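Architecture at a glance
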Amino acid sequence: MRGKAKIKTTQFLKTSLILVLTLSLSIFTFLALFMSHQSASTIREISQMYMSSMGDQIAMHFETTIGLRLDQLVSMVQTVLPADAHASPSQEQDLITNAQARDFTHLAFYRTDGSFDMMYGAEVELTDPEPFMASVLAGEKKVAIGNDAQGNRVILLGVPSTHAPTEEHPCAALVAGLPASYISDTLALEEDGNHVYSFIIRKDGSFVIRSGDAFRENYFDRLRNTITGTDPEIYVTGLEDAMDREASYSDVLEISGERQHIYCTPLPSSEWYLITVLPYGQLDKSLNALSSH
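Just so we're clear, the structure is a prediction, and the values are computed from it rather than from any experiment.

Some points on the pairing of strand β4 (residues 142-148)
Most of β4 sits out of view: six of its seven residues are buried. In this sheet, β4 lies alongside strand β3 (residues 124-126) in antiparallel orientation, the contact comprising three bridges. The partner of Glu125 across the bridge, within β4, is Asn147. Examined bridge by bridge, β4 and strand β5 (residues 153-160) share six bridges and lie antiparallel to one another. From the neighbouring strand, Ile145 faces β5, where its bridge partner is Ile155. Between β4 and the antiparallel strand that follows it, β5, lie four residues; Gly151 among them carries a positive phi value of about 85°.

What about the pattern of salt bridges?
Side chains that carry opposite charge are capable of pairing whenever their charged atoms lie near each other. The tally for this structure, following the rule as stated, stands at nine salt bridges. The partner of Glu271 in a salt bridge is Lys142, and the shortest N-O contact between them spans 2.6 Å. Taken together, the residues Glu271 in the loop between β11 (258-266) and β12 (272-279) and Lys142 in strand β4 connect sequence positions 129 residues apart. Of the residues examined, Lys142 reaches a relative accessible area of 7% and is grouped as buried. Of the charged contacts in the structure, one is a salt bridge between Arg210 and Glu217, with a shortest N-O distance of 3.0 Å.

The rules we used
- Residues numbered from 1 in each chain as written.
- Predicted model: local features only at pLDDT ≥ 70, side-chain atom pairs only at ≥ 80, totals over all residues.
- Heavy atoms only, no water.
- Buried < 20%, exposed > 50% of the residue type's maximum accessible area, 1.4 Å probe, protein only.
- Helix = DSSP H or I, 4+ residues; strand = E, 2+ residues; numbered from the N terminus.
- Pairing = 2+ DSSP bridges.
- Salt bridge = Lys/Arg side-chain N within 4 Å of Asp/Glu carboxyl O.

Written out as structure tokens, the structure is:
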């Protein structure tokens, strides 16, 4: 009897041990999965805060930099151009002198028929003339992209100017130009040190300022051809919806097998949107660099 009792006791202990081990394994598995989810969620939250901070800082720098340039044009209009009258040759020369002193590469009167009356610099053509015209006629300052006669991309800044209103096509704005590289250089859109980079697009996805690795003319087409693991139209639709609302957009994408966090924010005085990109693998490095300052 004692032998049978011992066997039963041994079997009970073995069964209990198996149950305890199974329960422990289940608990540890659950905790590991839970902590992994919490870790991923925490990383995403940190990434979101970091990207929104960086994107907003670049946007504010854009506003300050371009705002200063637009204010320079406003000052030229107020101090040089006569109200409701033709600009004399000497006044036009004063405008040219002022613009060249500020390193503008182009200067022109922009007429209500959409034509440019160039004072100096190669002939230019706006890429998006309709919103530019609507803004200056509404008394707003505006920045847009165009091309000169040689095919070079030019940043065009316009401020309302209504001198010579009796002409068939009176002046709508005074417009000055800068090379497209001015924005990418001033805003440091490509940060090679921490692998964060930015570029600027229009609402239709076409590039205004692109990063060095952009191999397509349209950012939305780029997403459609490089996103893996999910339907790219989800992200394209999300971006388009945010742009329609003039709102920011943030999400994590898988681009060619690499997870990347993107952040989109509208830029003031323009029809443009800033896209900032950070590969997930570089998040720790970027955060460490940020904390060291």
